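Read off the chains here:
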Amino acid sequence: MSVCLFSVLIANYNNSRYLQEAIDSVLAQTYTNWEIVLVDDRSTDNSFEVYERYKEDSRFHIYYNDVNRGCGDTKRRCVEVANGELCGFFDPDDKLARNALEVMVQQHEEKPQCSLIYSTLYLWDSATDSKTILEAVGAMAEGEDFLISSKKIVSHFAVFKKALYDKTCGIDETLSSAVDFDLYVKLEEIGELYYVDEPLYYYRQGNVKSISIGNSES
């Protein structure tokens, strides 16, 4: 899997303010065999100006919902149209560490039994560029699983094997919140979860328009 295609999945709704910075962090990755799969949930801002910059780049695949469908439906569609062996959701207002894809590809190659591998993350104040590690993210206690874990949570950067996802019923398109939770539970039913103790993801603080929170028309 060392040359596998990695699908970076972006569900976007009105995040043009931060989208370019998010894309730049993918362009800067040390692992280069990737595609960006972006589904736009009927944005009303100038996100389309950002999309136009990449219309000739074969690594970018941009899709548009016919109506505003909300987080669950949009994220489900991201996975359905992805081409990669590995997939990871990436919110359009966040940022990836430069080695995020490389670390995840290596970990999945070494752990074929794992359906989902996740890392810790930085809580990131982009205004001051200050960051702190989110201590709540971590490995499940021995004998516990994600659904009943009382000590640690699963969060970004969470990367899954597409072939194993396809064995599940997929993300519930009716959900407007807890979409990632739904995904993690389903993946744990068909494979192991593994934690990487390295911050690979910058989670931007203070953006109320994040699609992972839910958009105003859902």
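Residues numbered from 1 in each chain as written. Predicted model: local features only at pLDDT ≥ 70, side-chain atom pairs only at ≥ 80, totals over all residues. Heavy atoms only, no water.

Description of the overall build of the protein chain
Turning to step 1, where the next piece is worked out: The number of helices and strands found in the protein chain is six helices and nine strands.
Turning to step 2, where the next piece is worked out: Within the protein chain, the fraction of its 218 residues that count as buried is 54%.
Turning to step 3, where the next piece is worked out: A separation threshold of at least 6 residues defines the contact pool for the protein chain, and within that pool the share at least 24 residues apart is 80%.
Turning to step 4, where the next piece is worked out: Accessible surface, the protein chain: about 9900 Å² in total, of which carbon and sulfur atoms supply 47%. (Helix = DSSP H or I, 4+ residues; strand = E, 2+ residues; numbered from the N terminus. Buried < 20%, exposed > 50% of the residue type's maximum accessible area, 1.4 Å probe, protein only. Contact = heavy atoms within 4.5 Å. Areas by Shrake-Rupley, 256 points an atom, 1.4 Å probe, with all protein chains shown as cover.)

Observations concerning the pattern of salt bridges
Turning to step 1, where the next piece is worked out: All chains considered together, the criterion is met by 10 salt bridges.
Turning to step 2, where the next piece is worked out: R204 serves as the salt-bridge partner of E21, at 3.0 Å between the closest nitrogen and oxygen. Note that E21 is positioned in helix α1 (residues 16–27) and R204 in strand β9 (residues 192–204), a separation of 183 residues in sequence.
Turning to step 3, where the next piece is worked out: Residue R204 is classed as buried on the basis of its relative accessible area, which comes to 4%.
Turning to step 4, where the next piece is worked out: Between K75 and D180 there is a salt bridge, with its nearest N and O atoms 3.1 Å apart. Within this pair, whereas K75 is found in helix α3 (residues 70–81), its partner D180 is found in helix α6 (residues 179–188), the two being separated by 105 residues in sequence. Take K75 and D180: they sit in the same class, and that class is buried.
Turning to step 5, where the next piece is worked out: Taken together, the salt bridges that share partners define one network made up of R76, E80 and E173. (Salt bridge = Lys/Arg side-chain N within 4 Å of Asp/Glu carboxyl O.)

Focus on the side chain of N65
Turning to step 1, where the next piece is worked out: Residue position: N65 is located in the loop between β3 (60–64) and α3.
Turning to step 2, where the next piece is worked out: On the basis of relative accessible area, N65 is assigned to the buried category, the value being 2%.
Turning to step 3, where the next piece is worked out: At 2.8 Å, the side chain of N65 forms a polar contact with the side chain of D41.
Turning to step 4, where the next piece is worked out: Look past the residues within four positions of N65 in its chain and what remains in contact with it is V39, D40, D41, R42, T74 and R77. (Polar contact = N/O pair within 3.5 Å; in protein donor to acceptor, adjacent residues only side chain to side chain.)

Brief notes about the environment of I171
Turning to step 1, where the next piece is worked out: You can see I171 is positioned in the loop between α5 (162–165) and α6.
Turning to step 2, where the next piece is worked out: Sequence separation of I171 and R77 is 94 residues, and the distance between their C-alpha atoms is 9.0 Å.
Turning to step 3, where the next piece is worked out: Each residue touching I171, except ones within four places of it in the same chain, is listed here: G72, K75, R76, V79, F89, Y165, V179, D182, L183 and K186.

Details of the environment of K167
Turning to step 1, where the next piece is worked out: Structurally, the position occupied by K167 is in the loop between α5 and α6.
Turning to step 2, where the next piece is worked out: Separated by 20 residues in the primary sequence, K167 and L187 place their C-alpha atoms 9.0 Å from one another.

Digging into the state of the cysteines
Turning to step 1, where the next piece is worked out: Using the criterion set out here, one finds zero disulfides in the structure.
Turning to step 2, where the next piece is worked out: Just so you know, C78 is unpaired, no disulfide at all, and the nearest cysteine sulfur is the one on C71, 9.2 Å from it.
Turning to step 3, where the next piece is worked out: Assessed through its relative accessible area of 0%, C78 is described here as buried. (Disulfide = S-S within 2.5 Å.)

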